[in-house]
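Structure at a glance
Read off the chains here:
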Amino acid sequence: MSERNLYNQDHEAFRDTVRRFIQSEITPFHMQWERDGQVPRELWQKAGAAGLLGCSVPEEYGGAGADALFNFVVVEELAAAGVTGPAFAVHNEMVIPYIYAFGTDEQKRRWLPGMVRGEIIGALGMTEPQAGSDVRGIRTRAVRDGGHYVVDGQKTFISNGQLCDVLILACKTDPQDAKGGGISLLIADATTAGFVRGRRLEKIGLKAQDTSELFFENMSVPVSNLLGAEHGGLKLLMKNLAQERLTQAVRSATAIEAMLQWTIDYARERKMFGHTLADFQNTQFKLAELKTEATISRVFTDHCIRLFIDGKLDGNTAAMAKMWVTELHGKVADQCLQLFGGWGYMWEYPIARAYADARITRIAGGSIEVMKQIIGRSLFADSKKDKR
Ligand SMILES: Cc1cc2nc3c(=O)[nH]c(=O)nc-3n(C[C@H](O)[C@H](O)[C@H](O)COP(=O)(O)OP(=O)(O)OC[C@H]3O[C@@H](n4cnc5c(N)ncnc54)[C@H](O)[C@@H]3O)c2cc1C
């Protein structure tokens, strides 16, 4: 990999801390958590104590006030270790940013300190059984009744669904508003009556990550828990999706490098026909191609991180990063697994788990097709402007 120049000594010292935390608190237990279908709540508190959660939350709200690069270090180190159970990124890169960017001072004081400590676990509730890519199609209703909203509906595929204490919940507050979506975001406290957890869903990958159904039955949420403006939720979702997509691209770029390294190590050791697997031209050519593409993906994602830090990352560029790097993620997982032969198909091998985990990256947080739609539309919007 060409030299990276994003991170300074403080970030690298933090990286060592994160790496050690993963080695001692996550990797030895991850296979058991895969069988359990989720990570234990105590892990979150340990991660909070070690400084892995909400790194960039300002001190007045309980955080370290560090720059956002510290959060990316956490994303990268989890991906490098191939441990996909702890959904810290949902908490750090999706839920906290909503509360921090759009919340009132009171909302920030109520939720953020506990989230930094890992005592309050966050989740994001957008997807419903009938509406994933089509966010405007959600049906969960929030009807204003004096000082409260009464919420009825359901969500599915929610990461941290079983563990969460707080949920950023997308609801319809104005079903007639077709253009703006009529969507509001509510901060739902999971202890509220009518907040009901459904099944933890069985998945083909991300086995240690809790992905669940949630139901809302006559759930009363105070109007003071509204995030941003009433009916203005779609705009907030669009603003934060770029960060979510960049996070996925960074996670994939790192997972790609890890898979390549495991494969290079394996090819060096594996003997056959009086040679090693690494001696075959096919192996070298395959790995040469993948290494080149991995390097391109790293350079591009680093560029996008820099844009993000400077407040200049737009939705189209984030969509390009997610589209290109997650496509590559799937390809690298498949081609590296091939080089492991039958061992690559065995769950005990990290490459097998990485292969299963890679598949979702082209779907969740905006599918490949949706990314293409975003990028494609922007091209024609630009050309119309050019003609004027
Ligand atoms: C493991 C996992 C974790 C998740 N975590 C969360 C979470 O924490 N919170 C949350 O809210 N959601 C979460 N999701 C949901 C995820 O974001 C959705 O699955 C995703 O947005 C796709 O929606 P969908 O599944 O309804 O598929 P659909 O929207 O029904 O898509 C079906 C197919 O149609 C294609 N399609 C869609 N639009 C277009 C188009 N314009 N042109 C062409 N083709 C199109 C899609 O690409 C896809 O191939 C998670 C999902 C999984 C599997």
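Residues numbered from 1 in each chain as written. Predicted model: local features only at pLDDT ≥ 70, side-chain atom pairs only at ≥ 80, totals over all residues.

1. What about the overall build of the protein?
The cut-off we apply is this: Helix numbers and strand numbers start at the N terminus; a helix is a DSSP run of H or I with at least 4 residues, a strand a run of E with at least 2. The globule rule used here is 2.2 Å times the number of residues to the 0.38 power, and the radius of gyration it is set against is calculated over C-alpha atoms. By definition, residue pairs are in contact when their C-beta atoms, positioned from the backbone, come within 7 Å.
If you tally the helices and strands in the protein, you get 11 helices and 10 strands. Expected size for 388 residues packed as a compact globule is a radius of gyration near 21 Å; at 21 Å, the protein falls within 12% of this value. In terms of its C-alpha atoms, the protein occupies a principal-axis envelope of roughly 80 × 60 × 40 Å. A fraction of 74% describes how many contacts in the protein between residues 6 or more apart in sequence connect residues 24 or more apart.

2. A short note on helix α3 (residues 41-49)
Let me state the cut-off plainly: Our exposure labels follow a C-beta count within 10 Å of each residue's own C-beta, placed from the backbone: buried means 20 or more other C-beta atoms, exposed means 12 or fewer, and partly exposed covers the counts in between. Throughout, the arc means the angular range of directions from the helix axis out to the C-beta atoms.
Inspection of α3 places Leu-43, Trp-44, Ala-47 and Gly-48 among the buried residues, and these make up the whole buried set. Down the axis of α3, the smallest arc covering the buried residues is 140°, so these residues share one side. Across from the buried face of α3, at angles greater than 90 degrees, the exposed residues are Glu-42 and Ala-49. Just downstream of α3 lies Gly-51, where phi reads positive at about 85°.

3. What to know about the site of the ligand
Applied cut-off: Residues are classed as near a molecule or strand if the C-beta position derived from their backbone is within 6 Å of it. By the convention adopted, Pro, Cys, Tyr, Trp, Phe, Met, Ile, Leu, Val and Ala count as nonpolar, Lys, Arg, Asp and Glu as charged, and the other residues, Gly among them, as polar. Note: domain ranges come from an automatic or database domain assignment.
Around the ligand, the structure places 21 residues, and the nearest of them are Met-126, Gly-132, Ser-133, Ser-367 and Glu-369. Within the residue set of the shell around the ligand, elements represented by two or more residues are β1 (122-125), β3 (148-159) and α11 (368-387). When its residues are assigned to classes, the shell around the ligand shows 10 nonpolar, nine polar and two charged. Viewed by domain, the shell around the ligand spans two of them, domain 2 (123-231) and domain 3 (235-387), each represented by three or more residues.

4. Points about the domain arrangement of the protein
Entries for the protein in the domain assignment read domain 1 (9-120), domain 2 (123-231) and domain 3 (235-387). Among the elements of the structure, α4 (69-81) and α5 (88-102) are those that each provide at least two residues to the side of domain 1 that touches domain 3. Residues of the side of domain 1 that touches domain 3, tallied by class, amount to 11 nonpolar, two polar and three charged.

5. Describing unusual backbone geometry
A positive phi angle, close to 55°, is found at Asn-218, a residue other than glycine. Position of Asn-218 among the secondary structure elements: in strand β7 (residues 211-222). Its identity as a non-glycine residue notwithstanding, His-231 has a phi of 65°, on the positive side. Structurally, His-231 is set in the loop between β8 (226-227) and α7 (233-269). His-231 sits in the partly exposed class, given 16 other C-beta atoms within 10 Å.

6. Description of the environment of Ala-356
Relative to the elements of secondary structure, Ala-356 occurs in helix α10 (residues 350-358). Judged by C-beta crowding, with 18 C-beta atoms within 10 Å, Ala-356 ranks as partly exposed. With 296 residues separating them along the chain, Ala-356 and Glu-60 place their C-alpha atoms 41 Å apart. Each residue touching Ala-356, except ones within four places of it in the same chain, is listed here: Ile-204 and Gly-205.

7. Here's the deal with helix α6 (residues 105-117)
Note that an α-helix has 3.6 residues per turn; residues three or four places apart therefore point the same way. Note the cut-off: The span one expects for a helix is its residue count, reduced by one, times 1.5 Å. For a residue, the bend is simply the angle between two axes, fitted respectively to the seven-residue segment ending there and the seven-residue segment starting there.
Its 13 residues give α6 an end-to-end C-alpha distance of 19 Å, which sits within 8% of 18 Å, the value for a rise of 1.5 Å per residue. Roughly 30° is the biggest bend found in α6, and it falls at Trp-111, with proline Pro-113 one to four residues downstream. Inspection of α6 places Lys-108, Trp-111, Leu-112, Met-115 and Val-116 among the buried residues, and these make up the whole buried set. Check the buried side of α6 and you find it contacts α3, α5, β1, β4 (166-172) and β5 (183-189). Residue Gly-118 follows α6 closely and has a positive phi angle near 80°.

8. Focus on the environment of Pro-175
Looking at the secondary structure, you find Pro-175 in the loop between β4 and β5. Judged by C-beta crowding, with 12 C-beta atoms within 10 Å, Pro-175 ranks as exposed.

9. Let's talk about the nonpolar core
In globular proteins that are soluble, nonpolar side chains generally tend to be buried together. Rule in force here: What makes a nonpolar core is a set of buried Ala, Val, Leu, Ile, Met, Phe, Trp, Tyr and Cys residues, with links drawn between C-beta atoms within 7 Å.
One finds Val-95, Ile-168, Leu-186, Leu-227 and Leu-246 to be the most contacted residues of the largest nonpolar core, which totals 105 residues. Sort the elements by how many residues they give to this core and helix α9 (residues 315-339) lands first, with 13 residues. Every residue in contact with Leu-246, bar those within four places of it in the chain, is listed here: Cys-304, Ile-305, Phe-308, Leu-313, Ala-318 and Ala-321.

10. What to know about the environment of Gly-85
For Gly-85, the position within the fold is in the loop between α4 and α5. Among the residues examined, Gly-85 registers 24 C-beta atoms within 10 Å and is labelled buried. Considering only alpha carbons, one finds Gly-85 and Thr-104, 19 residues apart in sequence, at a separation of 31 Å. Once you skip the residues sitting within four places of it in the chain, Gly-85 turns out to touch His-30, Trp-33, Val-39, Ala-208 and Gln-209.

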